[in-house]
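Listed below, chain by chain, are the residues.
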Amino acid sequence: MLTVYLLALGCVLGLAAGQVLFKQAAIGLSASGTLWSAATLVPVVAAITLYGASTVAWIWTLQHAQLGRLYPLMALGFVLVPVASHFVFGERFTPQYMLGVAFILIGVVLASRG
């Protein structure tokens with residue numbers, strides 16, 4: 001069962017990384033003005049690939065565990081994406097955001113054990 005939860009966590013990480021790549025593509029699009037530039041297209045293709053692989057892995061995890069037990073892990077995306085955006089793009093956190101992150105993490109732990 002640990003393998004299933006680790007793979008589900010990998011799915012969340014893949015989706016979060018995909019969001020960062022989509023933001024990188026948006027930055028590339030703003031700079032180049034075209035979807036067909038390498039700065040835009042490479043991150044888009046990488047993000048779609050990650051989303052596809054994460055979806056296939058998610059379907060496998062759902063064969064081996066209850067959706068209600070796994071799905072709370074998806075809330076970690078609300079933590080991981082902004083944290084990644086801070087380190088990759090220099091976006092800032094507010095104290096209110098940090099409180100929200102704490103509540104999300106508490107909720108994920110409670111829901112996963114329930």
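All residue numbers here refer to positions counted from 1 along the written sequence of the relevant chain. This being a predicted model, a pLDDT of at least 70 is required before a residue's local features are given, and a value of 80 or more before pairs of side-chain atoms are given or counted; all residues contribute to the totals for chains, interfaces and linings. Hydrogens and waters are ignored; side-chain quantities use all the structure's heavy atoms.

J.: A description of the overall build of the protein chain should follow, citing residues and the corresponding values.
T.: For the protein chain, the helix and strand inventory stands at five helices and zero strands. Traced from its N-terminal end to its C-terminal end, the protein chain shows the element sequence α-α-α-α-α. Over its C-alpha atoms, taken along the principal directions, the protein chain stretches across nearly 50 × 35 × 15 Å. Here the term buried applies to any residue with accessible area under 20% of the maximum for its type, exposed to any over 50%, and partly exposed to those in between, with areas from a 1.4 Å probe on protein chains only. Here the protein chain, with 114 residues, has 27% of them falling under the buried criterion. What makes two residues a contact is simply this: any of their non-hydrogen atoms within 4.5 Å. Restricting to contacts in the protein chain with at least 6 residues of sequence separation, those with at least 24 account for 68%. Surface accessibility of the protein chain: about 7100 Å² in total, with carbon and sulfur atoms responsible for 74%. In DSSP terms, a helix is any run of H or I states spanning at least four residues, a strand is any run of E spanning at least two, and both are numbered starting from the N terminus. Under the convention used here, a 1.4 Å probe and the Shrake-Rupley method define accessible areas, while residue burial counts only the protein chains that appear.

J.: Quick rundown of helix α1 (residues 2-32)? Include the residues and the values.
T.: With 31 residues, α1 should cover 45 Å at 1.5 Å per step; its first-to-last C-alpha distance of 44 Å lies within 8% of that length. Of all the residues in α1, the buried ones are V4, A8, C11, V12, G14, A16, G18, V20, A25 and G28. Positive phi shows up at G33, right after α1, with a value of about 80 degrees. To estimate the expected span of a helix, subtract one from its residue number and multiply by 1.5 Å.

J.: Got a sec to walk through the side chain of S37? Specific residues and values, please.
T.: Within the fold, S37 resides in the loop between α1 and α2 (38-64). Discounting residues that sit within four places of it in the chain, S37 has contacts with G28 and S32.

J.: Which residues make up the nonpolar core, and what are the values?
T.: Among soluble globular proteins, nonpolar side chains are generally buried collectively. One finds V4, A8, C11, V12, A57, W58, A65, L70, L73, M74, L76 and V108 forming the largest nonpolar core, which totals 12 residues. Apart from residues no more than four positions distant in its own chain, M74 is found in contact with V12, L15 and W58. By convention a nonpolar core is built from buried Ala, Val, Leu, Ile, Met, Phe, Trp, Tyr and Cys residues, the set being connected through side-chain atoms within 4.5 Å.

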